[in-house]
Amino acid sequence: MMNIAVAQSGGPTCAINASLVGVFREALKVPDIDAVFGSVNGIEGIINNHLVDMKSLIKSTEDMELLKQTPSTVLGSCRYKLPDRQDDDSVYRKIANTLIQRQIGAFFYIGGNDSMDTVNKLSEYFREISLDVKIIGIPKTIDNDLCITDHTPGFGSAAKYVAVTMHEIIRDSSVYSMPSVTVAEIMGRHAGWLTASSAVLHALGESAPHLIYVPECKFSLEKFLKDVRQEMAKHKAVIVAVSEGIEVPDGVQSGVVDNFGHKYLSGIGKYLEESVRSEIGCKVRSIELNVMQRCSSHLCSRTDIDEAEAIGSAGVRCALNGDTGKVMVFRRVKNQPYTIVIETADAGEIANKEKFLPTEFVNKEGNNISDKALDYFLPLIHGEPDIVIDKGIPKHFTIQESVLK
Ligand code: F6P
């Protein structure tokens, strides 16, 4: 018999709880697994021996279905960077103590590329101290910037939200006779996947977004204003999608930095709005999609949620097969019909690395997305789950604050 532990880390998504359900549901099938511990606030819970018994919290299939439709991380999250062991191994010893004390034989870490750094460092440490705890990374991030995997759980739902919302913004922005510009700021840090996904509207015959700016292309304000003027000559209401991560002068974005050295990006939309107002002088509005793009589970992608659960379950099977230091990944087999398989990669190949939009996904001018990208994006946003509604509002599964304290 052994116990297992699961934790969630990094920025929230609509699918990260579905991966938790995947781990939990699979564990229930294994007679050799006794307790399933949830680590509160990612790896911090393991460091501080702050674990909750998932079997006493998730009591039924209904609970699991509700958890799957609940956005964010039910166990809380963290942006915690493990120090290098050479500099300080006290944290590593605390982690090992918790795992030994709780008789944990496998640990599943659901997170992005920074969290895979933790998986990588801990698997090396466990090997060195001969601690037989399997550690497996379950990917997630709306940024879709993990290497090797075709895509990341959480991305499809965020992309669907972006596309649906942009579609609605197009309608709203087109009502007046006067010319206008609307700028939507989309998350994604250094990679433009999520911003680029707004181009799926082109597959519906929309000409908007007329301009799409991603961090993979050099940005110049002068060229942006020229592009806007050109589009204004063709369209009464110009719609722009811009990534929060494009390069702009210092001071435009928030200067706040997290433990991994990532800047909290926000402010590009406003900056472009003000630039259009002062340089072009037309009606202009900016919209920051902000956290709504990663927590709007009422608009999530069924494909994304189903895949997120499947990859969590696959992680458990992988650990039971004796693997460790691995990250579960998707490989796309074909688009017609859309088929993926789940495989594994070494955590070291994914940790701290970023995957950027392929050059052929961006147009020559660097201000829009080519139709070549649509076949990649469209299957990921497909399908809507049946959502349980209470008093007109999608129901969520939550854990009492006092339990998580
Ligand atoms: O996890 C990815 C992400 O959602 C990025 O797209 C965004 O830049 C960042 O997280 C924001 O992080 P936080 O919510 O920690 O400020």
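Before reading on, note that the structure itself is shown above.
Parameters at a glance
- Residues take numbers from 1 onward in each chain, read along the sequence in its written order.
- With pLDDT at 70 or above as the cut-off, local features in this predicted model cover only qualifying residues; side-chain atom pairs require 80 or more to be listed or tallied, and sums for whole chains, interfaces and linings still use all residues.
- No hydrogens and no water enter the side-chain calculation; it runs on all heavy atoms of the structure.
- Two strands qualify as a pair provided DSSP detects at least 2 bridges between them.
- Segments assigned H or I by DSSP are reported as helices when at least four residues long, segments assigned E as strands when at least two residues long, and all are numbered from the N terminus.
- Throughout, an axis means a line fitted to C-alpha atoms (over the contacting stretch in the case of helices), and angles, computed between N-to-C directions, take values from 0 to 180 degrees.
- The contact criterion used is simple: two residues touch if any of their non-hydrogen atoms lie within 4.5 Å.
- Should a side-chain nitrogen of Lys or Arg be within 4 Å of a carboxyl oxygen of Asp or Glu, the pair is scored as a salt bridge.
- The classification of residues rests on relative accessible area computed with a 1.4 Å probe and restricted to protein chains. Under 20% of the type maximum is buried, over 50% is exposed, and intermediate values are partly exposed.

S.K.: Please provide a residue-by-residue account of the sheet that holds strand 11 (residues 338–346), values included.
M.R.: Reading across the sheet, the seven strands line up as 3-2-1-4-5-10-11 and stay open at both edges, with mixed pairing between neighbours. Pairing within the sheet leaves two strands with one partner each, and these edge strands are strand 3 (51–53) and strand 11. Neighbour-to-neighbour, the strand axes of this sheet turn through a mean angle of 30 degrees, independent of strand direction. Strand direction decides the pairing type here: strand 5 (residues 134–139) and strand 10 (residues 326–335), joined by two bridges, are parallel. In the sheet register, Ile 136 faces strand 10, and the bridge partner there is Lys 326. Where helix 6 (residues 113–128) meets the sheet, its contacts fall on strand 4 (104–111), strand 5 and strand 10, and the angle it forms with strand 5 comes to roughly 170 degrees.

S.K.: Describe the pattern of salt bridges, and please don't skip the residues or the numbers.
M.R.: Counted according to the given criterion, the structure contains 23 salt bridges. Linking Glu 26 and Arg 317 is a salt bridge whose minimum nitrogen-to-oxygen distance equals 3.3 Å. With Glu 26 in helix 1 (residues 16–28) and Arg 317 in helix 12 (residues 302–320), the pair connects residues that are 291 residues apart, well separated along the chain. The class for Glu 26 is buried, based on a relative accessible area of 9%. Arg 317 sits in the partly exposed class, given a relative accessible area of 42%. For Glu 273, the salt bridge identified is with Lys 270, shortest N-O distance 2.9 Å. Placement of both Glu 273 and Lys 270 in helix 10 (residues 268–279) is noted, with a separation of three residues, approximately one turn of the helix. A relative accessible area of 7% places Glu 273 in the buried class.

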